[in-house]
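One-letter residues, chain by chain:
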Amino acid sequence: MKAWWIRLAAVALLGFPFVAAHAAPLTLTEGRGYERLAVPQPVSPQGKVVVTEFFWYNCPHCAAMEPLLEAWAKKLPSDVVLERVPVAFGPQFVDQQKLYYALKALGKIPQMQGAVFRAIHQQHITLMTPQQMAAWVQTQGVSRQAFLNAFNSFGVQMDAKRATQMVSDYQITGVPTLAVQGTYTLSASMPQTPDNPQVLEGVDFIIAKVRAGMKH
């Protein structure tokens, strides 16, 4: 956990300043703008470029990334898909993984992902236990019992375990981190992408790189 908080502190220093738009598209180099996984991970669906966001609901930098990511995702071309993976760097955060997957199972992520971040970081609502989560989702128009049924379902438990395995497989040590096609990872801790807007620019750069490789 100590290494994680050091990484989080570094991102705190780098993640928030907004810089002017670049005159030219961002060009990245390995080790400075992105990392390449030693063991590429499988992605689906086949034939698409898959972007994976690793996030944590309690992370303020993930909360800052959320509206930017939402706006970016609305402009994605048809050959690119966005996947979200909630992390749990400690057992006390597994329930927040299940919060995400329960909302996903209920089809509520599109309208509630941002609402969860706002509840925690702007309204200072604690969402750590199933009871706290169920009480809050009820205020958002979601049936408390339907949420708890989804939260306690076998499918959601398996989704949370898969997410934890992905965190290990992708060697995620800080969030938000974005991965592209199971091979490249980007974050605001890299010198060429020191803030969230530039991270998303970097993702666009890697998408183009992956797309070009798929044509060969």
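What counts, and at which threshold
Residues numbered from 1 in each chain as written. Predicted model: local features only at pLDDT ≥ 70, side-chain atom pairs only at ≥ 80, totals over all residues. Heavy atoms only, no water. Core = buried A, V, L, I, M, F, W, Y, C linked by side-chain atoms within 4.5 Å. Buried < 20%, exposed > 50% of the residue type's maximum accessible area, 1.4 Å probe, protein only. Helix = DSSP H or I, 4+ residues; strand = E, 2+ residues; numbered from the N terminus. Contact = heavy atoms within 4.5 Å. Pairing = 2+ DSSP bridges. Axes fitted to C-alpha atoms, helices over the stretch in contact; angles between N-to-C directions. Left-handed = near helix turned anticlockwise from the far one by under 90°. Nonpolar A, V, L, I, M, F, W, Y, C, P; charged D, E, K, R; others polar. Arc of directions from axis to C-beta.

## Structural notes on the nonpolar core
Reasoning step 1: Core analysis: the largest hydrophobic core is formed by 44 residues, its most contacted members being Phe54, Tyr57 and Phe147.
Reasoning step 2: Mapped by element, the contributors of at least two residues to this core are strand E2 (49-55), helix H2 (60-73), helix H3 (94-105), helix H4 (109-121), helix H5 (130-139), helix H6 (144-151) and helix H7 (154-169).
Reasoning step 3: Tallying contributions element by element places H4 first for this core, with seven residues.
Reasoning step 4: Those residues within four positions of Phe147 in sequence are excluded, and the remaining contacts are Leu99, Ala102, Leu103, Leu106, Pro130, Met133, Ala134, Val137 and Val142.

## Focus: the sheet that holds strand E1 (residues 35-36)
Two orientations exist for strands paired in a sheet by backbone hydrogen bonds: parallel and antiparallel.
Reasoning step 1: The strand order across the open sheet built from five strands is E1-E5-E4-E2-E3, with neighbouring strands paired in mixed fashion. The sheet terminates laterally at E1 and strand E3 (80-86), the two strands that pair on one side only.
Reasoning step 2: Summarising the sheet, E2 and E3 pair through seven bridges and their orientation is parallel. The residue bridging Glu53 from the neighbouring strand is Arg84, located in E3.
Reasoning step 3: The sheet contacts of H3 involve E2 and E3, and relative to E3 the element is tilted by about 140 degrees.

## Describing the packing of H2 against H4
The axes of two packed helices give the description: the angle between them and the distance between them.
Reasoning step 1: Running from amino to carboxyl end, H2 crosses H4 at an angle of 150 degrees, the nearest separation of the two axes being 10 Å. Regarding H2 and H4, the two cross each other, and that crossing is left-handed. Between H2 and H4, the residues in contact are Pro60, Cys62, Ala63, Glu66 and Glu70 and Gln113, Gly114, Phe117 and His121, respectively.
Reasoning step 2: When grouped by side-chain class, the residues that make up the contact of H2 with H4 number four nonpolar, three polar and two charged.

## Structural notes on H5
Reasoning step 1: All buried positions along H5 are accounted for by Pro130, Met133, Ala134, Trp136 and Val137. Relative to the axis of H5, the buried residues are bounded by an arc of 165 degrees and lie together on one face. When the buried face of H5 is taken as reference, the exposed residues oriented beyond 90 degrees from it are Gln131 and Thr139.
Reasoning step 2: Two residues or fewer past H5, Gly141 is found with a positive phi of approximately 90 degrees.

## Examining the environment of Tyr170
Reasoning step 1: With respect to the helices and strands, the residue Tyr170 is situated in the loop between H7 and strand E4 (177-180).
Reasoning step 2: According to the relative accessible area criterion, Tyr170 is buried, its value standing at 3%.
Reasoning step 3: When the C-alpha atoms of Tyr170 and Ala38 are compared, they prove to be 9.3 Å apart, with 132 residues separating the residues in sequence.

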